[in-house]
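Remarks on the overall topology
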Amino acid sequence: MKRCWCGNEALEEYSSQYRVCTKCHTLVTKYDVNDSLYKVSDEESDFYGENYWAKGMLELSGLPSLSALVDAYLRGRVPYWTENVLKYAKLGGCVAEVGCGLGQLQYVLKRIGYQQLAYELSPDICRYMEDTLGVSAHCGSFERSDKPYDAILAFDLFEHLLEPEEFLSACADSLQTDGVLMMQTPCYDAALSYDEMLIQKPRFKELLRPEQHLYLFSRESIAEILHKHGFVNVVFEPAYFGDDYDMFFVASKGELCQNTKDEIDEYLNRQENGRLVKAMIALQDENREWEKRYLQADRDREERLHNMQKLEELLRVNEADREDRLKQAQTLERRLEESEADRAARLEQVKILEQRLEKSERDRAARLEQMKILERHLEESETDRAARLEQMKILERRLEESEADRAARLEQMKILERRLEESEADRAARKGCNTGNPS
């Protein structure tokens, strides 16, 4: 289908078979269906014909016959449904059940004084109810009634409806002012994705039957559609199959009242089969209590088994860890032995080093003494050097003076040489003159 019951066409992928409405969060089948689905002219080929029960439901339940299936309902959900009808509906009132299946609930209600009318699509199944169970059945879809009902029952029906709003509108018009609508339908958890549902609420997957479960409501979306059609008061009872699977609720247009336990007992005690039904309900309640205890015990067993598995795993890990630690301890012992041997060798080396250190210390003391002597010699040498430096300075000054004096003497010698040359020249001149005059 392309749109949700609320008219919204914005549908998001949920699974391979369903989409989810982005507005009211209802699951919507991907199958394209029309109202011909509810017409039964051929009991074998039409979807809700006799074969729906004679084959489909028998295969699902694993039972051999329709009679065995009726008995299974009477042992199971029928006492639960009857208990809630007695609790919320007018005692002995007029009750219509839409999609009554094989008429098993109507069979009980008729025997405790209720005025009953059952609606079912298959003519063969309606005849089966009338002939086998004595149930008054109307073959066809639910119709508005001129005589309002005190209660309308729709158990495991609402998810099959193509037009759920039309059905609720007809129910609202067909109920007394203080009448009640009782329904049981799958409970979709809108907070979980498909993958999360498979982990946290895996039983819900059994209800994903897209060819027949057209809309799957959450508590919020069922309350929304009920309020839209005037059912302002809604009470959810503990679901027969569990809140992770389906939901059971009672809705009314006015104040929702309950019959007291005393009123119910008094009423049943007046009915021909009332005490039998009381016993059936009591046995059902006891059975459900034992089921709760069994489930709790089973959960405890599962938890203990899980804890035992965890302990076994921890033990296995601990054993493996112990083996590893033992190997590590053996390795450490070998390393310790090697370390001790190495430590003994190092101790021997330490002793040798200590002896060498003592010798080195003695040698160091001798060298220190030598260094002190050398320091004294160095001080004396430095003192002597300083004296020699002073002497050198004096000698340098004297050398400078000597150089200056030498330079002066050289100058004098040059002067004397020039004067000697002049003298030699003069002497030569005079000698020449003397040679030129005859005697």
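Counting of residues starts from 1 at the beginning of each chain's written sequence and follows it residue by residue. Where local features are concerned, this predicted model is filtered to residues with pLDDT of at least 70; where side-chain atom pairs are given and counted, the filter is 80 or more; whole-chain, interface and lining totals use all residues. The side-chain numbers reported here are obtained from all heavy atoms of the structure, hydrogens and water having been left aside.

Right, let's get into the overall build of the chain. Only DSSP runs of H or I reaching four residues or more are called helices, and only runs of E reaching two or more are called strands; each is numbered from the N terminus. A count of helical and extended segments in the chain gives 10 helices and 11 strands. On the principal axes, the C-alpha backbone points of the chain span a range of 210 × 75 × 45 Å. Counting all 439 residues of the chain, 35% fall into the buried class. Here the contacts in the chain between residues at least 6 apart in sequence split such that 64% fall between residues at least 24 apart. Using the Shrake-Rupley algorithm and a 1.4 Å probe, accessible areas are obtained, with residue cover drawn only from the displayed protein chains. For the chain, the exposed area adds up to about 27200 Å²; of that, 50% sits on carbon and sulfur atoms. For the chain, the centre of its 63 positive side-chain charges and the centre of its 87 negative side-chain charges are spaced 11 Å apart. Exposure is judged per residue with a 1.4 Å probe applied to protein chains only, and the accessible area is read against the type maximum: over 50% gives exposed, under 20% gives buried, and values in between give partly exposed. Contacts are assigned to residue pairs with any non-hydrogen atoms lying within 4.5 Å of each other. Positive charges are assigned to Lys and Arg, negative charges to Asp and Glu, while His and the chain termini are left out of the count. For the purpose of locating charges, the reference atoms are NZ of Lys, CZ of Arg, CG of Asp and CD of Glu.

Cavities and pockets are found on a 1 Å grid laid over the protein atoms alone: a cavity is a set of points where a 1.4 Å probe fits but cannot escape, a pocket is an open set with protein on both sides within 12 Å along at least five of seven lines, and a lining residue has an atom within 4 Å of such a point. Grid points are joined across faces, edges and corners, and a volume is the space filled by probe spheres set on the points. In this structure, the second largest pocket encloses a volume near 560 Å³. The leading source of residues in the lining of the second largest pocket is helix α10 (residues 274-436), at eight residues. Note that Gly is not counted as nonpolar here; it falls among the polar residues with everything else outside the nonpolar set of Ala, Val, Leu, Ile, Met, Phe, Trp, Tyr, Cys and Pro and the charged set of Asp, Glu, Lys and Arg. For the lining of the second largest pocket, the class distribution of residues is six nonpolar, three polar and 10 charged.

In this section: empty space enclosed by the protein. In this approach a probe as big as a water molecule rolls over the atoms, and the regions it shows empty are the leftover space. Counted under the stated rule, the structure contains one cavity of 30 Å³ or more. Volume-wise, the largest cavity comes out at about 50 Å³. Lining the largest cavity, in full, are Tyr-14, Cys-187, Tyr-188, Asp-189, Leu-192, Met-197, Lys-201, Phe-204 and Asp-244. Its residues assigned to classes, the lining of the largest cavity shows six nonpolar, no polar and three charged.

Let's shift gears to the nonpolar core. For this analysis, a nonpolar core means a set of buried residues of the types Ala, Val, Leu, Ile, Met, Phe, Trp, Tyr and Cys, connected via side-chain atoms within 4.5 Å. Counting 90 residues, the largest nonpolar core has Trp-53, Phe-142, Leu-153, Phe-158, Phe-167, Leu-181 and Met-182 as the members making the most contacts within it. In this structure Phe-142 touches Val-98, Tyr-119, Tyr-149, Ile-152, Phe-167, Ala-170, Cys-171 and Ser-174, once residues within four positions along its chain are discounted. Counting residues in each nonpolar core, the second largest holds 11 residues, with Tyr-14, Leu-207, Leu-208 and Tyr-245 among its members.

As a further point, take the pairing of strand β4 (residues 94-98). Most of β4 sits inside the fold, with five of its five residues counted as buried. Of the two faces of β4, the one lined by Cys-94, Ala-96 and Val-98 and the one lined by Val-95 and Glu-97 are each fully buried. As defined by bridge partners, β4 adjoins strand β5 (residues 115-120) across five bridges and the pair is classed as parallel. Opposite Val-95, over in β5, you have Gln-116 as the bridge partner. Each parallel crossover has a hand, and the one from β4 via helix α4 (residues 104-111) to β5 is right-handed. When DSSP locates at least two bridges between a pair of strands, those strands are taken to pair. In the sheet, β4 pairs with strand β7 (residues 149-155) via three bridges, with the strands oriented parallel. Bridge pairing in β7 places Val-95 opposite Ala-151. Place the viewer so that the strands point away; then a crossover is right-handed whenever the path from the first strand over the helix to the second strand goes clockwise.

Attention shifts here to the side chain of Asn-8. With respect to the element layout, Asn-8 can be found in the segment before β1 (11-13). When its relative accessible area of 15% is taken as the criterion, Asn-8 is described as buried. Under the rule applied, a polar contact is a pair of N or O atoms within 3.5 Å (in protein, one hydrogen donor and one hydrogen acceptor; residues adjacent in sequence only if both atoms are side-chain atoms). At a separation of 3.1 Å, a polar atom in the side chain of Asn-8 contacts the side chain of Thr-22. Setting aside anything within four residues of it in sequence, one finds Asn-8 in contact with Arg-3, Cys-21, Thr-22 and Lys-23.

On to the pairing of strand β8 (residues 175-186). Burial analysis of β8 places nine of its 12 residues in the buried class, the great majority of the element. Bridge analysis of β7 against β8 gives six bridges, and the strand direction is parallel. What sits directly across from Tyr-149, in β8, is Leu-175. Note on the crossover from β7 through helix α6 (residues 164-173) to β8: the handedness is right-handed.

What follows is about the packing of aromatic side chains. Centres within 6.5 Å make a pair out of two Phe, Tyr or Trp rings, where for Trp the six-membered ring is used; the pair is then stacked when the planes are under 30 degrees apart, edge-to-face when over 60, and tilted otherwise. Under the criterion given, the structure shown has 23 aromatic pairs. Relative to Phe-167, the ring of Phe-158 lies with its centre 6.2 Å away and its plane at 50 degrees, an arrangement referred to as tilted. Of the two residues, Phe-158 and Phe-167, neither departs from the other in class, the shared state being buried. Here a set of aromatic residues connected by ring pairs shows up, and it is made of Trp-5, Tyr-119, Phe-142, Tyr-149, Phe-158, Phe-167, Tyr-215 and Phe-217. The cationic tip of Arg-293 hangs over the ring face of Trp-290; the distance from NZ or CZ to the ring centre is 4.8 Å. We count a charge as sitting over a ring when the NZ of a lysine or the CZ of an arginine lies within 6 Å of the ring centre and within 35 degrees of the ring normal.

Now for the pattern of salt bridges. The working definition used for a salt bridge is a side-chain nitrogen of Lys or Arg within 4 Å of a carboxyl oxygen of Asp or Glu. This model, assessed by the stated rule, comprises 29 salt bridges. One salt bridge connects Asp-405 with Arg-409, and the closest N-O pair in it is separated by 1.6 Å. Placement of both Asp-405 and Arg-409 in helix α10 is noted, with a separation of four residues, approximately one turn of the helix. Exposure remark for Asp-405: the relative accessible area of 37% places this residue in the partly exposed category.

Now for the sheet that holds β5. Spatially, the seven strands line up as an open sheet ordered β6-β5-β4-β7-β8-β11-β10, and their pairing is mixed. Taken across any chain shown, the strands that pair with only one partner, and hence form the sheet edges, are β6 (137-139) and β10 (233-237). Averaged over all pairs of adjacent strands, the angle between strand axes in this sheet comes to 20 degrees, irrespective of strand direction. Across the sheet, α6 touches β4, β7 and β8, and the angle it forms with β8 is around 150 degrees. Between N-to-C directions, angles cover 0 to 180 degrees, with each direction set by a line fitted to C-alpha atoms, over the stretch in contact for helices. Along the sheet, helix α8 (residues 219-228) makes contact with β8, β10 and β11 (246-252), crossing β11 at roughly 25 degrees.

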